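Architecture and fold: a report
So the chains spell out like this:
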Amino acid sequence: MHIHFDPHATLAKIFGVEKTKVYGVVGEFPDAHDLVKAGRSVKEAGYTKLDAMSPFPVHGIDDAIGNPHSHIGWIVIFFSITGLLLAQLLQWYTGAVAPGKLPAWTGLGSYPLVIGGKPLYDITFSIPVTFELTVLLSAFCAVFGLFALCGLPRLYHPLDTYSQSHRATDDGFFLIIEASDPKFDPEASAQLMRSLGGTNVEVVEG
Amino acid sequence: MADLAIKHNPLLETNPPLVQGPQDYNSVTEVVSSPTEIPLNKTPLRWYIAIGITSSILGMMGLVLTYLVATGIGVWGNNRPVGWAWDITNFVFWIGIGHAGTLISAILFLFRQKWRTSINRSAEAMTLFAVACAAIFPLFHTGRPWRAAYWLLPLPNTDLNMWQNFRSPLIWDVFAVSTYGTVSLLFWFVGLVPDLATLRDRAVDNVRKKIFAVASLGWRGTAKAWRHYEAAYLILAGISTPLVLSVHSIVSFDFATSVIPGWHTTIFPPYFVAGAVFSGFAMVMTLMLIARWVMKLENLITMKHLENMNKIILVTGSIVGYAYATEFFIAWYSGNAYERFTFINRAFGPYAWAYWTMVSCNVITPQFFWFKKLRTSIPVMFVLSIVVNIGMWFERFVIIVTSLHRDYLPSSWGYFRPTWVDICLFIGTFGLFLTLFLLFCRFLPVIAISEVKGVLAQQRHQAHEEAAH
Amino acid sequence: MNLISITNTKQNGAPVLGDVTGKSYWRSLNQLADTADFKQWVTREFSSTATDLLDGNSRRTVLKLMAASFGLAGLTACRPVAHILPNTKGVEDYIPGAATFYSTAMPMNGVVNGLLVETHDGRPTKIEGNPDHPMSLGAANSFAQASVLGLYDPDRSKVVLEAGKESTFEKFEAALKAANLADGSGLRFVTLANASPTFTWLKSQVLAKYPKAGFIEYEPISHDAMREGAEMAFGTGVAIHKQLDKAKIIVSLDYDFLGLDALSIMLTKLFSKGRKLAEESEEEGEHAAAEHKDEKTENKKVEHAAEHAAEKAAEMNRLYSVETNYSLTGGMADHRLRLKPSEIVTFARDLAAKLGAVPGLNVMQPATDKRGKFLDALAKDLKAHSGECIVMAGPKQPAIVHALAHSINASLGNIGKTAIAWASTKGEVSPLDAMRTLAGEINSGKVQALMILGGNPVYTAPADLNFADAIKKVPLSVHLGLDADETAMAAKWHIPEAHYLESWGDGRAVDGTATIQQPLIEAMYGGKSAIEMLALVAGTKDQRGYDLVRTYWSGQLPGKDTTAKDQAWREALHSGVIPGTKTAESKATLDGKSVGAQVAKIADGKGFEIAFYPSSQAYDGRFANNGWLQELPDPMTKLVWGNALLISPKYAKDQGLADGDMVTVSKGNLKLDVAVMTQPGHADGCGSIALGFGRTVCGRVGKGVGFNAYAIRTTNDFWSGDGFTITKTAGKHVHATTQEHGLMEGRPVVREAKIDDYKKTPKIIEEMNEVPLLKSIYEDLKYDKGNQWGMSIDLNSCTGCNACVVACQSENNIPIVGKEQVLKGREMHWLRMDRYYTGDENDPQVVTQALPCLQCENAPCENVCPVAATNHSPEGLNDMAYNRCVGTRYCANNCPVKVRHFNFLNWHKTTEEVQKMSFNPNVTVRMRGIMEKCTYCVQRIQETKIQIKAEARAAGKEIRAIKDGEIKTACQQTCPADAIVFGNINDPNSQVAKLKKHERNYALLAELNIKPRTTYLAKLRNPNPELG
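On to the overall build of chain A. Looking only at helices and strands, one finds six helices and four strands in chain A. Burial status across chain A gives 51% buried among its 206 residues. Excluding contacts between residues fewer than 6 apart, the proportion of contacts in chain A whose partners are at least 24 apart in sequence is 79%.

Residues and elements named next belong to chain B. One can describe the packing of helix 5 (residues 99-110) onto helix 6 (residues 120-140) by two numbers: an axis separation of 6 Å at closest approach and a directional angle of 145 degrees. Both helix 5 and helix 6 take part in a crossing whose hand is left-handed. Where helix 5 approaches helix 6, its residues Ala 100, Gly 101, Thr 102, Ile 104 and Ser 105 are matched on the opposing element by Asn 120, Ala 123, Glu 124 and Thr 127. A per-class count over the contact of helix 5 with helix 6 returns three nonpolar, five polar and one charged.

In this section: the interface of chain C and chain B. Each side of the interface is counted separately: chain C has 58 residues, and chain B has 59 residues. Regarding the contact of chain C and chain B, the summed buried area is about 4700 Å², with carbon and sulfur atoms giving 55% of it. In terms of surface lost to chain B, no three residues of chain C exceed Arg 747, Arg 884 and Tyr 890 of chain C, which account for 16% of the buried area on that side. Our count for the chain C to chain B interface comes out at three salt bridges. In this structure, Asp 407 of chain B engages Lys 898 of chain C in a salt bridge whose closest nitrogen and oxygen atoms are separated by 2.9 Å. Our enumeration of links across chain C and chain B arrives at 39 residue pairs in polar contact (both at pLDDT 80 or more).

All names here are of chain C. Taken as a whole, chain C shows an average pLDDT of 85; of its residues, 87% reach a score of 70 or greater. Note on residues 41-82: pLDDT is under 50 here. Beyond four places in sequence and across chains, it has 83 contacts. Counting interchain partners and residues more than four positions distant, the pLDDT-below-50 stretch residues 305-313 has 15 contacts. Both scores are given for the predicted complex: the pTM is 0.88, the ipTM 0.89.

Our next topic: a nonpolar patch on the surface. Residues and elements named next belong to chain A. Residues Trp 74, Ile 75, Ile 77, Phe 78, Phe 79, Ile 81, Leu 84, Leu 85 and Leu 149 make up a contiguous nonpolar surface patch of about 900 Å² in total accessible area. The dominant element in the nonpolar patch, judged by the number of residues it contributes, is helix 4 (residues 72-96), at eight residues. Within the fold, Trp 74 resides in helix 4. Note on Trp 74: relative accessible area 65%, which makes it exposed.

Evaluation of the coordinates by the stated rule reveals 83 aromatic pairs over all chains. Between Phe 348 of chain B and Trp 356 of chain B, the aromatic rings sit 6.4 Å apart at their centres with planes inclined by 55 degrees, giving tilted as the arrangement. What makes Trp 356 of chain B partly exposed here is its relative accessible area of 42%. The ring of Tyr 525 of chain C has Lys 158 of chain C sitting right over it, with the charged end atom 5.2 Å from the ring centre.

With that settled, consider the interface of chain A and chain C. Each partner contributes residues to the interface: chain A has ten residues there, and chain C has twelve residues. Of the roughly 940 Å² buried between chain A and chain C, counting both surfaces, carbon and sulfur atoms make up 63%. Summed over the three residues of chain A that lose the most area to chain C, namely Val 114, Ile 115 and Gly 116 of chain A, the buried surface amounts to 47% of that side. Connecting chain A to chain C are zero salt bridges. Inspection of the region where chain A meets chain C yields three residue pairs in polar contact (both at pLDDT 80 or more). Within the side of chain A that touches chain C, the residues separate by chemical class into five nonpolar, three polar and two charged.

Our focus in this paragraph is the sheet that holds strand 2 (residues 50-53) of chain A. Hydrogen bonds between backbone groups are what pair the strands of a sheet, and the pairing can be parallel or antiparallel. All names here are of chain A. Taken in spatial order, the four strands make up an open sheet running 2-3-1-4, and their pairing is antiparallel. The open sheet terminates on both sides in strands that have one partner only, identified here as strand 2 and strand 4 (199-205). Neighbour-to-neighbour, the strand axes of this sheet turn through a mean angle of 20 degrees, independent of strand direction. Across four bridges, the pairing between strand 2 and strand 3 (residues 173-178) is antiparallel. Residue pairing in the sheet places Met 53 in a bridge with Phe 174 of strand 3. Running at roughly 10 degrees to strand 1 (residues 22-29), helix 6 (residues 186-195) makes contact with strand 1, strand 3 and strand 4 of the sheet.

Ordered in space as 35-28-37-36 (chain C), the four strands form an open sheet in which the pairing is mixed. Both outer strands of the open sheet, strand 35 (980-984) and strand 36 (1001-1002) of chain C, are each paired with one neighbouring strand and no more.

So, on to the pattern of salt bridges. Taken as a whole, this structure holds 67 salt bridges over all chains when the rule is applied. The salt bridge partner of Glu 451 of chain B is Arg 116 of chain B, with a shortest N-O separation of 2.9 Å. With a gap of 335 residues between them, Glu 451 of chain B in helix 18 (residues 449-468) and Arg 116 of chain B in the loop between helix 5 and helix 6 connect regions that are remote in the sequence. Across the pair, exposure class does not vary: Glu 451 of chain B and Arg 116 of chain B are buried alike. Overlapping salt bridges, with partners in common, bring together Glu 323, Arg 336, Arg 338, Lys 370, Asp 684 and Asp 843 of chain C in one network.

Attention now moves to the confidence of the model for chain A. In the predicted model, chain A carries a mean pLDDT of 86, and the fraction of residues at 70 or more is 89%. Across chain A, the secondary-structure element scoring lowest on mean pLDDT is helix 1 (residues 7-14) of chain A, at 59, and the one scoring highest is helix 5 (residues 123-149) of chain A, at 94.

Residues and elements named next belong to chain C. Along the chain, the position of Thr 924 falls in the loop between helix 34 (913-916) and strand 34 (931-932). Its relative accessible area of 35% is what places Thr 924 among the partly exposed residues. Separated by 111 residues in sequence, Thr 924 and Asn 813 place their C-alpha atoms 7.7 Å apart.

What counts, and where the lines are drawn
Counting from 1, residues in each chain are numbered in the order their sequence is written. Chains carry letters and ligands carry numbers; both start at the beginning, A for chains and 1 for ligands, and go up in the order they are written. Restriction of local features to residues with pLDDT of at least 70 applies here, the model being predicted, together with a cutoff of 80 or more for giving and counting side-chain atom pairs; totals for whole chains, interfaces and linings are based on all residues. Computation of side-chain values covers all heavy atoms of the structure but excludes hydrogens and water. A run of H or I in DSSP becomes a helix once it reaches four residues, and a run of E becomes a strand once it reaches two; helices and strands are each numbered from the N terminus. Type-normalised accessible area, obtained with a 1.4 Å probe on protein chains alone, sets the label of each residue: buried when under 20%, exposed when over 50%, and partly exposed for intermediate values. In what follows, residue pairs with any heavy atoms lying within 4.5 Å of each other are defined as contacts. Here an axis means a line fitted to C-alpha atoms, over the contact stretch when the element is a helix, while the angle between two N-to-C directions is reported on a 0 to 180 degree scale. Each crossing gets its hand from how the near helix is turned against the far one by less than a right angle, where anticlockwise is left-handed and clockwise is right-handed. Residue type decides the class: Asp, Glu, Lys and Arg count as charged, Ala, Val, Leu, Ile, Met, Phe, Trp, Tyr, Cys and Pro as nonpolar, and the leftover types, Gly among them, as polar. Using a 1.4 Å probe, buried area is obtained as the accessible area two parts lose upon being combined, added over both of them. The salt bridge definition used is simple: a Lys or Arg side-chain nitrogen within 4 Å of an Asp or Glu carboxyl oxygen. A 3.5 Å cut-off defines polar contacts: any pair of N or O atoms within that distance qualifies, except that in protein one atom must be a possible hydrogen donor and the other a possible acceptor, and neighbouring residues in sequence count only when both atoms are side-chain atoms. Confidence scores per residue from the predictor, reported as pLDDT, run from 0 to 100. Patches here are clusters of residues that have more than 30% relative accessible area and form no salt bridge, with a 9 Å joining cutoff for like charges and a 5 Å cutoff for nonpolar side chains (Val, Leu, Ile, Met, Phe, Trp, Tyr). Only the protein chains shown count as cover for residues, and the accessible areas themselves come from Shrake-Rupley with a 1.4 Å probe. Stacked, edge-to-face and tilted are the three classes for Phe, Tyr and Trp ring pairs, Trp counted by its six-membered ring, which pair at centre distances within 6.5 Å; planes under 30 degrees apart are stacked, over 60 edge-to-face, the rest tilted. We call a charge positioned over a ring when the NZ of a Lys or the CZ of an Arg lies within 6 Å of the ring centre and within 35 degrees of the ring normal. Think of it this way: DSSP has to see at least two bridges between two strands before they count as a pair.

Okay, structure coming up:
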């Protein structure tokens, strides 16, 4: 089950990412609620730069380790409005703007055509396309925004070097005290971790 | 809203539990991942046979399409007055099937329906494959696909410097279907990322590990990532819900906004959506039952899942039946002679056989699911799910062809007969659909591992609590 | 193709001047002709990919294509410019690409129809009627319209054949010389009935050389009974001219004068005059005179239109039709009586008796059944309208019926009023008897040389003469024909005939008015005309058609010196009629005795009766290879690509026969296997079958299409006969019809009212619409600027004759699709003729409706096109941008009247080079995969506009408005009933605007708020109150 070959480390070398400084201390906990409990205690111990690894989103972990809420929603709303306006612009311009109305360099022109005795542009028949484009842009934004916020795609993560990291996507629950934490001290932090029942506690470098 | 759902929704009782058998996180991982990890040379022969058959059907479709484009639409049975027949019937049929996936993953997610987790992955995959099948027809039903391919998109063009006609429901369709396809794909992939990471971390051989390392975008499952992930997933579900409702509504506009009696009906949008969900669930059911049996997923796809799906089939089926009745009533009540004739002609005209096939498959069949015994019997639900899809194909055929073949002027009345090309093309789409599905089952986790673990965690937690008190 | 015709023009030696113009014309083309581009484009233009090029390509390509076609026209067609004159003012001035009109005449069945032929770059492309000609009066029937396709028929015979082998004309001349004809006692000529003075003159020349030679004018669709009947009644040679416009009561005894008759165009014109409601014809008159009239009085007049209509409507004529099969005449009739052929004769006798037209004759059948009531009411009605009614018998009826009709007219004092007598030469022996004798002579070896000049007797001659075998016994048998047909195969020699559009000739209209038939194009295959053949035999000094005609007429034309005669000649060519050639009116006194004597011989029919009638497609078989006609739906059965034995639904039920069942019809040793088809309104106990099908030696189009009715047509049962046995046999035949459903299902599609009801409440038409009107959520667009095109179709005048359908096909390059595709419902006619039955299935009435695109202002088709390929022009046209269309067919689905036609396949795949010469260069030939539809002949609208612009520029004046009636659509132009009116509805003085204000005006499917620009005038019937 244990893997000797670590692709991420290799890739890291290829891409010239050198293992230099300490990333933090990682410890494993048996189950989700144990993880939450441990997390809370560590936070109470005054640590602020905490993180966790789990095969699925563990409920309450964010509060426990003081993770702020995601702001992705605001980004999405902005893009939805863009999509809405874009769609309206498209349908108004292609339907109702006679050639020459816009500067020539645009190279675009449209034929305002009388079709079925209907107006050249009207809100009524522009609704469906507007809705679809709004949704489309929102979706793109939600997905790529997510990747951006999570720093994906990434081919190397310091935690890749943690011996148990492969189990984070299987059945492992891990708590991380990051080196950037002012209270961080490899020895003490690792000790704290063990005292809370953490196993496989390691100091991860990278 | 969510809380309400939790309180009042009986589906939430986790007894019997949604994940059965002696399960821990690792065993879930094992059960789902291991089938994808069988080396090619150890792949069961039946899989090779299956994909051999489906892919050759797919190849046949390729040839038929080539013949179609080279010769012209005349190789179909379409005529004047029946300008659309099997082409658009198939299109609506497949789009309809494509509705279950997003519905399950989006709407049921919003309603906190935990039981969805075992089926949403494959349901979403089916959505994508169904949309792929549907997408064939809007392009290839045109007389000049080589032009339609880009003239239907709002690209600045030098051919005639003309733009699309945004008054046309067909253009709405182009936007709706392409948006739906794209969003479904994104939604599906986002759900897939953590599981791809799982496969990466389980991968033994180098190549496989590299492939999944890239595919999973280097997902690590840190809390920092999960919090964005959950937010984004919620948003996707939120926008997919109106989207999935809009798509079939817009497809129904193709007919509802026309002047043809039998098409020009305001009831169409809700009626089409219900029908879509109806057929979609039936198709999911058919494939689930096979996958469940072949891949031994009985513990993850439990009778409870199947029963819940049957309940939805029963509800949507009844809605569809109600819609049929309403159509007839309004046709009579409107006092519009043309409307009346169209519906009488549907039931008793030259296409009566199609109409009654539709009614017996769609209205009568689902009523069996009132009985728990039938609702929970695998063979019964397997047969019925297939019957329902036959019925739903006929529904589209009846709406399109019977309305067209006898419209306003008796002088232009006609009759439609399919040709071998029509038939081969329809069969061909199943080749495409099943080939993709077989590949999916073979190489990707058919069940959302991380989500099931989430449910499992909740179960364990509850057990833990109970133990505590 | 182009190469062939170059060599041809060389061979035949085009007239000197013609050559010169040809050469100079060449020079102008040199630059173009030498470039590789040119050759490439020529081939491209005439390859099936031409439309690919036209589609989505730069203007430059299109220009090149135009240049190519222009160049090719120069190559292919080298018209002898010097001798023929356009019908336009001034001297001919050739403008490449611009259409030029020439007057000529189409000889058919013993008369000629005066035509104007549109030519593009020397290619005749479109046939119109010549307004100055007394028989066409500006209209042309479907046969004339389609004849231009016959000119370019790739299967036309191109070479001289000797015993079926290719030979040369020189060899034939030698053979003719070699034959020792002596006094000509062994020389016989079989020709079609013709009215060519030059022919008659040359005939005399031949008789001068061979005194004992014999001439037979055999016409399978013969009008001999008419002549014989007149002689029987009046004792002398008399032709009765029917003044239908003066008749209030018109009785047709099996006379389809609105449909398949040589005179039908003229008679339809006259009939519809009497059918038009008075105030409409007034308006026509006025609008011609008064261009600028102040609107106030106009509108007032229109307000009163209703009252006008009411009082004037009474003057509409009343048509009674007695017939076996359902004909167009029967369809228009206010009262129709269906009888077996034999019963029609007895009916005529009884009618004469009832009216005391023939002394000592009394009614034999009691007045109990429908027939009796009909007879009584009719007799009363005729009596009441003495002097302003007319009884006519059809050519299919025996002489006695004609004689009885004449007696009735005489007794009612119609002669000289509604029936005008013209002096006519008393015919010698009837052609049928002549044919009998000929067959005898041949079999007895008396005939050494048989010259068949036109026609196809081997196929059309009565079966009992067994002409096919007979002709083989003749040492020197010669056939002159357009096609290498059955006769060509049987005869020793076959000479390609020159099409009437390729050859010089002349002919007389029914009233004697002569017309010069001038060629529009050099004979493409060097064919000969009948007069040229006669000249050859007679050995006259002139041998070429032009010289012959010119020589003859220089003797006839007025003018003392040659210059004057030349002037007269030029005018004759120019106007298409020769003034002062009209026959004089004459007296006709009835000879009652001979009629009485003949009446005694009338016998009742026994057993199953068969009636033959000319096909509306192949006529007598001569048009069998004409695709336009083969795919032209029969006006009543809507049958295309074939014929059938028509029987009544009742008879079918009794005999257990269904549509498509095969039966064997036999009498004596003659038998015919034919498929039956039920025809509502057909007489019981008899069947009708169209002639002209089942050709065995024919081109690719007509070969083996339908069943050959000539197989059971004998000299005795020439038009009809009794005592046939009909037995059902195994096997089914599939009939292809363009209209599957013939009932209106109670929908107000064709609106029809009895004239009295309409008099009482003119609103009745409008009120026929039950469905509530839909409203638009958008405010309606205003179409109040400039020209706003609209059309009005008068269903009261429309007879359903199909002329418009072919005219449209010819004008707009509409392809044919073949039987298989018609069965799939893919026929392409932009303008279709709908036919509905009303009333009892066994004895229904018929209404027809010409249905082009309605050009809706709120067009449902436009809304749904995703790429805006169909949209509205500022002048209110529902345009199609062919090269934008991607072919979703959504527009066709959403068209409530289904007048949009999709190119399901490449219909031009099999179009040959020569056929492409018939295309109208102003109309795109549509490619596979796109939609097409009626355009209101937009090319004609644009042509007129350009013309006006050019004139204005030339004159330095500003552009004038288009005059009403200046633009005519193809269908309108050719309509013999003047049922179609097109014009600017924005101009209150225009005829169409006035008609639209009319009480009878209604819009089809107005309830859908589609606002059609094409509207209809409801049909009125004028029934006899006694018959209800």
